[in-house]
Each structure stands twice: as structure tokens, then as C-alpha cells.
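In case you want the letters, here they are:
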Amino acid sequence: SSVPLFLLCSGQDVATILHLVHNLIHEEEEKEDKMQNVGEQAHMALLGHSLAAYISVLDRERLRKLTTRILSDTTLWLCRLFRYENGSACFHEDDRAGLVRVCRLVINVRYEEFATEGYAVLSSKQPVIYQSSSCRPGLGQHLCSQLGLPLSSLCTVPCNTIFGSQHQMDVALLDKLIKEDIEAGKLPLLLIANAGTPGAGHTDKLGRLKELCDQYNMWLHVEGVNLATLALGQVTSAVMAATRSDSMTLTPGQWLGLPAVTAVTLYRHEDPALSLAAGLTSSQPVEKLRALPLWLSLQHLGHNGIVQKIKHATALVSITLFLLKLRRSLLHFLVSLCAQQVEDELNSPVVLFKFSQEMSAGKILTCAFIYSTFNTWYDLSQLVPTSGVDVVELEDEGTCVRFSPLLTAAVLGTQPEDVEELVERLSELVPVMSSTMCLRQDFREESHRHSASLRYVDDISWPGLGVVRYEPQAEGMDESRRKQVLEKINNELLRKLQDLDTDIIFSTGPEFGAAKYTIFVGMVTEDVDVSELVDTIAALGRDIEESGRLLENMTEVVRKGILEAELQLQKANEEKLIEEGMLRQIPLVGSVLNWFSPVESSIKGRTFNLAAGTGCTYCNPPPPPKKTKTKL
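Residues numbered from 1 in each chain as written. Predicted model: local features only at pLDDT ≥ 70, side-chain atom pairs only at ≥ 80, totals over all residues. Heavy atoms only, no water.

Visitor: Hey, could you run me through the packing of helix 13 (residues 292–326) against helix 17 (residues 405–412) in this one?
Guide: Any two packed helices are characterised by how steeply their axes cross, that is the angle between the axes, and by the distance between the axes. Where helix 13 contacts helix 17, the two axes come as close as 9 Å, and the packing angle between them is 115 degrees. At the point where helix 13 passes helix 17, the crossing takes the right-handed sense. On helix 17, the residues that touch Ile310, Ala313, Leu316 and Val317 of helix 13 are Pro405, Leu406 and Ala409. (Axes fitted to C-alpha atoms, helices over the stretch in contact; angles between N-to-C directions. Helix = DSSP H or I, 4+ residues; strand = E, 2+ residues; numbered from the N terminus. Left-handed = near helix turned anticlockwise from the far one by under 90°. Contact = heavy atoms within 4.5 Å.)

Visitor: Could you clarify how one ought to interpret the side chain of Thr75 in this entry?
Guide: Residue position: Thr75 is located in helix 3 (residues 60–81). Classification of Thr75 by relative accessible area gives buried; the value is 12%. A polar side-chain atom of Thr75 sits 2.8 Å from the main-chain carbonyl oxygen of Leu71. Contacts of Thr75, omitting those with residues within four sequence positions, involve Gly87, Ser88, Ala89 and Phe91. (Buried < 20%, exposed > 50% of the residue type's maximum accessible area, 1.4 Å probe, protein only. Polar contact = N/O pair within 3.5 Å; in protein donor to acceptor, adjacent residues only side chain to side chain.)

Visitor: Would you explain helix 8 (residues 206–215) in this entry?
Guide: Structural remark: α-helix, 3.6 residues per turn; residues separated by three or four positions point the same way. Those residues of helix 8 that sit buried are Leu206, Leu209, Lys210, Leu212 and Cys213. For helix 8, the arc enclosing every buried residue in end-on projection is 160 degrees, short of the 170-degree limit, so these residues lie on one face. Helix 8 presents Glu211 and Gln215 as exposed residues on the side facing more than 90 degrees away from its buried surface. Turning to helix 8, the residues buried within the fold contact helix 7 (171–183), strand 4 (187–194), strand 5 (219–223) and helix 9 (237–240). With its phi angle positive at about 55 degrees, Asn217 sits one or two positions after the end of helix 8. (Arc of directions from axis to C-beta.)

Visitor: Even after reading the chapter, I still don't get the pairing of strand 5, so can you show me in this structure?
Guide: A regular strand places its side chains on the two faces of the sheet in alternate fashion. With 5 of 5 residues buried, strand 5 is to be regarded as a mostly interior element. The two faces of strand 5 match: Trp219, His221 and Glu223 on one face and Leu220 and Val222 on the other face are all buried. Both strand 4 and strand 5 contribute to a ladder of 5 bridges, which runs parallel. Residue Ile192 lies in a different strand from strand 5, and its bridge partner there is His221. Bridge count for strand 5 against strand 6 (residues 247–250) is 3 bridges, and the pairing is parallel. Opposite His221, over in strand 6, you have Ser247 as the bridge partner. (Pairing = 2+ DSSP bridges.)

Visitor: Before we go on, may I ask you to explain the packing of aromatic side chains in this structure?
Guide: Centre distance and the angle of the planes are the two values used to describe a pair of aromatic rings. Applying the stated rule across the entire model yields 5 aromatic pairs. The ring of Tyr84 is capped by Arg268, whose NZ or CZ atom sits 3.8 Å from the centre of that ring. (Phe/Tyr/Trp six-rings, centres within 6.5 Å; stacked < 30°, edge-to-face > 60°. Lys NZ or Arg CZ within 6 Å of the ring centre and 35° of its normal.)

Visitor: Explain a negative patch on the surface here, please?
Guide: A grouping of Asp501, Asp503, Glu526 and Asp527 is seen on the molecular surface, where their side chains present a negatively charged patch. With respect to the helices and strands, Asp527 occurs in the loop between strand 15 (519–521) and helix 20 (530–580). Take Asp527: its relative accessible area is 64%, and that puts it in the exposed class. (Patch = residues over 30% accessible without salt bridge, like charges linked within 9 Å, V, L, I, M, F, W, Y side chains within 5 Å. Areas by Shrake-Rupley, 256 points an atom, 1.4 Å probe, with all protein chains shown as cover. Salt bridge = Lys/Arg side-chain N within 4 Å of Asp/Glu carboxyl O. Lys, Arg positive; Asp, Glu negative; His and termini not counted. Charge placed at Lys NZ, Arg CZ, Asp CG, Glu CD.)

Visitor: Explain the pattern of salt bridges here, please?
Guide: Opposite charge on two side chains permits them to pair, given that their charged atoms come into close proximity. A full pass over the atoms with the stated rule returns 18 salt bridges. Across the pair Glu287 and Arg290 runs a salt bridge, and its minimum N-O distance is 3.2 Å. Residue Arg469 is joined to Glu471 by a salt bridge in which the shortest nitrogen-to-oxygen separation is 3.7 Å. Looking at Arg469, the relative accessible area reads 10%, which means it is buried. Connected through salt bridges with shared partners, the residues Asp95, Arg136 and Glu223 form a single ionic network.

Visitor: I tried to follow the sheet that holds strand 7 (residues 263–267) on my own but got confused; where do I start?
Guide: Taken in spatial order, the 7 strands of this open sheet run 1-7-6-5-4-2-3, and their pairing is mixed. If you trace the sheet from one side to the other, it starts and ends with strand 1 (88–92) and strand 3 (154–157), each paired once. Taken pair by pair, the neighbouring strands of this sheet meet at an average axis angle of 20 degrees, ignoring direction. Note that strand 1 and strand 7 share 5 bridges and pair antiparallel. By the bridge assignment for strand 7, Phe91 is matched with Val264.

Visitor: Would you explain the confidence of the model for the protein in this entry?
Guide: Atom-level detail of predicted coordinates should not be read off regions where pLDDT is low. Residues at a pLDDT of 70 or more form 78% of the protein, whose mean pLDDT is 80. For residues 627–632, every residue scores under 50 in pLDDT, and the model assigns this stretch 0 contacts once sequence neighbours within four places are set aside. (pLDDT = per-residue confidence, 0-100.)

Visitor: What should I look at first to understand the sheet that holds strand 13 (residues 466–470) in this one?
Guide: Paired through backbone hydrogen bonds, the strands of a sheet run either parallel or antiparallel to each other. Taken together, the 4 strands give an open sheet; going across it, the order is 12-13-15-14, and neighbouring strands pair in antiparallel fashion. At either end of the open sheet lies a strand with only one pairing partner, and these are strand 12 (454–457) and strand 14 (506–507). Sheet topology places strand 12 next to strand 13; 4 bridges connect them, and they run antiparallel. Counted as the bridge partner of Val457 is Val467 from strand 13. Contacting strand 13, strand 14 and strand 15, helix 19 (residues 479–498) crosses the sheet at an angle of about 125 degrees to strand 13.

Visitor: Before we go on, may I ask you to explain helix 19 in this structure?
Guide: With 20 residues, helix 19 should cover 28 Å at 1.5 Å per step; its first-to-last C-alpha distance of 28 Å lies within 8% of that length. If you check which residues of helix 19 are buried, you get Val485, Leu486, Ile489, Asn490, Leu493, Leu494 and Leu497. Along the axis of helix 19, the buried positions cluster into a sector of 160 degrees, meaning they face one direction only. (Expected span 1.5 Å × (residues − 1).)

Visitor: Honestly, the environment of Ser50 in this entry has me stumped. Any pointers?
Guide: By the secondary structure assignment, Ser50 is in helix 2 (residues 40–55). Sequence-wise, Ser50 and Pro293 are 243 residues apart; in three dimensions their C-alpha atoms are separated by 9.2 Å.

Visitor: What exactly am I supposed to notice about the environment of Lys311 here?
Guide: Here Lys311 is to be found in helix 13. Overall, the relative accessible area of 46% leaves Lys311 in the partly exposed class. For the pair Lys311 and Gly233, spaced 78 residues apart in sequence, the C-alpha to C-alpha distance is 9.8 Å.

What follows is the structure, encoded as C-alpha cells:
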């Protein structure tokens, strides 16, 4: 009985299992053609996983030779492609695993007795890992968890506040923090820098950071999407400085559109024993087969194919910025954050924009959250799926829409036509968002004008025109009855509003919203008469309330009429009993008595007036007179 159902039999054939997998993939899809299309280069990556399983069963010597060749070739090609000379490579599934192993390597290097005494040697000088406040969320906590270090070993360095980009690490403040840690008896161990921050795509001042690391004998690790541009012919000086780092993590699967391809950490270190102890290398031939899918894919793409994919992604950014500049009406509301970077860097391969409006300083504070909600609500990834845009949260700018083609274009197959459609959608959405923002206050005031029946619900998380609730008259009702009436009227009002011939969307709001029994009014155009809209909502609500009250009154009248009729029927039965006697009620005796001595009783009828709520009783009318023929 403990054996799972699928394992009870002697086994299933391949066709049955593949059919099960097919159903699991398409179980929530209406059409099977929605599955993502896999390109030819992606087929090579998938083929690599199948070949790795086959190669793993070869004899040990042949396996060793083959895996060594695959690993050395892939390492050499990646170092040459991304200008990282004399480097070694570590292939890992989790893109954070390479940094964890690098940290283990640095701990083994800086603490010579760590291999024998373990973590006890760290008590003399606590290691410190430095990261930028713009780095990946949770990265530092993951490092401390994997390394067994306390969170006090993690130091987060703020970004620039006055000079330079607000997404770049403050180098002067980092220098000050390192000096304070050294004076406190701590050991600066490693610095994590960004060549393309996860949110805004900005690059830290890697040249100055490298000098600082050399000064304090620290390890410099670099990661970020901008490292992909190292494969291009022309590279900005800010990104080129990453080639001088001690290690850097690459994600070629995202950049080149290769599914299930490992991330790669390139590093420079001369002691293979310490690299083996840190997990950067492995003595197991099967572990080296992780590089096989990437080995096949790089050969299939070739140098020109690799460079072309990265060039195509960077070109999409230029096209986006160019189209946005052409639509000057959009630039009035869209604030581009990453068009230009500091110093000698030309363009960031990430475009960030958010909806905003020019207004007084007082309104900016009250509407900041509403703007963030606008940027979140209208997810352009649903309108233009192949664009790959997403929503990010930045510390200073708030909620923004991000277009990072280096991360998505190769996978989704983004083309210039998709970028044009994206800008076209923005051209349609921005005026609607602007007019909605301008009319929100008018909607609020008009709702207060109908305060006797309409209640305005202040919900700044809703990006539409506003939220209202129809409040019926609840005199003499208890709380539970009032809630029932409130829910019934507002649900019926929402249904009638949705049946109106209008472009305005009425809904119940977010699924997990706090407001109950409310009507959420969506975005509107500038030609909408807000006063007429609120009057319509209030009028429909009153009609529903009055019809509901009439129905309730009618129900009550009918109930009382039924009770009165039951009493009258009971009284009639008693009168019949008195009039006819007890013997006539006995079934057999009554029939004999009625045959010998019939009793004529009048049949009483009853009427009920629904409008007046009254009833009356009448007897059978007398029979009509018999017609007689008259002789003329």
C-alpha cells in the first residue's frame, strides 16, 4: 500500500512516459503551439546534456582524455573571447556558486592554517566581504550562509550620493570603511564589484577599485551583464577594467540564448591544490562534463555568431533610445535613467524609464506611490511579450520599467520591430495614464458630492481613476444584515456598470486587495466627463437599492399574507367542523350521512393584492339564472 500508484505495475513504456511529460507541459495551455520555440543553437546545448550522459559511461581512460580536452578548449575559448588572459574556468549551475568557491579560495590563501584548524583560525581576524548596495538582493547573505560566516562579516558599501552615478559604489567611502575595519582588527578579504548593476546596468569604477584592492591585498570579483560587451571589437574603458580583476562570473546562456547552459567563473590563481580544495576544479571526470553543452554551442555559433548576438542586443538599446527621442510627447512623461553614464562610458546596455509628470513639490510627495503603481500595473511584457521588458525596484527612483536585451533578446528573439511596437504601446498608454492622473482629484471631489450614497475609498495602490463604494440606507439593520445588503448592491452595481457601452473598465480590484464591496474604476481618457460618470454610478446604485427595497417589501407582504391565509384556513376548518358535526368527519360514517342527508356548504375563495398587501374572503357567487325560451 505504500508503493506510489505510478510504480505499482512492472513499468511503463517510453511512449506512455513521454505522453505524460507532454500533458504536464501543456496542461494549462489552450493550444499546444504556445510552447517556446527552440532555435538550432539551442538544440546543440540540449544535445550536450544527452551526450554528457552517454560519455559518462565510457571507460575511465577514454573519459579522462575527452573531458580534459572539452574543459581545456572551453576555458581557452572563453578567456580569449572575453579578454581574460591566463585564466582558469569553473563551470557551475547556480550563478552564485562560483563566487562562493572563490571566497573559499581566498580564505585558504589568506588564512594559511585554515586547512588544518578550520574556522577556529578566523577568530583571530574576522574576514570582511565588501559589496555594493546595488548588487543582487540576497547575494551577501547567501555567501555568509554557504561559508558559515556571521552577517557581521558582510559590509555593504553605499553608492554615490553627490558625484557620479547613484548606482556606482562610493570608492572614497569604501576606502574609509576598509581602514576602519583594519583598525578594528578585521581582515579585508574580498570586494564584489558590478559591471552592470542588476537594476540599472551601471558599471562601478573598476579601475579605481582594482587599485584599492591591490593596496589592501584584497581579491576583486566582478559580475554583471555588461561583461558580455568584452567580446565586441570596441569596449568602453570602464568595462575593459574588468579584465584586470582576480575573478569574474559570466552567464553566456542568457547572453547567447542557450538553454540549460552553466554559468562560468574565470579566475587567476597559480596553486591548483588550493583551487581543488575550494571546489573551483574537480578531479572527477564526470564533473568536467558540465562544460560539454557550452563547448558544442560555442563551436556551432562561432566567433562571428557570438559577436553578432551581443551586437544585436546593444543595437536594440540604441534603437529604443532613438525612438523615444523621436516621440517627444513621451519624453515629457518618461524619465530615462540610463541613457548616459559618467566619465568615458558611452551607453549602458540597459534602458530604464518610469512614468512621471511635472507638478508642484507638494503633489510629488503625495503621488510618488501612485506613479510607482502605474509603472507596476501596466506590465508591458504582457502587451509586447517578445520585448522582454520587466519591472524593477530601485532604491532612489522607485518602480521602473527595464529593457535589458542582453538578458532577454537572444532567448525571446527580440527584433527591431518588437522595439517599435513597444514604443507604440507606450505612445498609447502614456496619454491615458496622464489623463487618469489629472482626473483623479476631480473624481474624488465628485464622489464626495454624492457622499450620502457614494463613499470614496482612498486606495493609492490602485492606478485607475479611483475606488468607490455605494452605501445603502441601513436604518434598523444589524451589522451582518448591512454587510449582506452592501455586498449585494455593489455586486449588482458592478455588473450593470460592466454592461455599459464604454471603454472604462470596472472591476473588483486586485485579488488580494484590502478594500471589500468596492468598485474599482480603471483608466480613462481626457474626454471623459467625470461628473457625469459619478452621477451615473450613483443613479444606478439608487435604482438597485430601490428595486431591492421594493422586492424586500413585497417578500414581507407575501409572507404576512401567507400566514394570514393559514390562519383563515384553520378558522374555516373549525367552522366546518361545528357546522357539519363530528360524525360527518369520520370517513365511512360521513359518506353515509352525506348520502342520506346532504349538506350544502359555501366554498370560500381568497384574493391577495400585492400592491396593497391586503387580502379578502368571498363566498361562491350564486349560479346564473336559467335561460328560458320565450314564444313571440
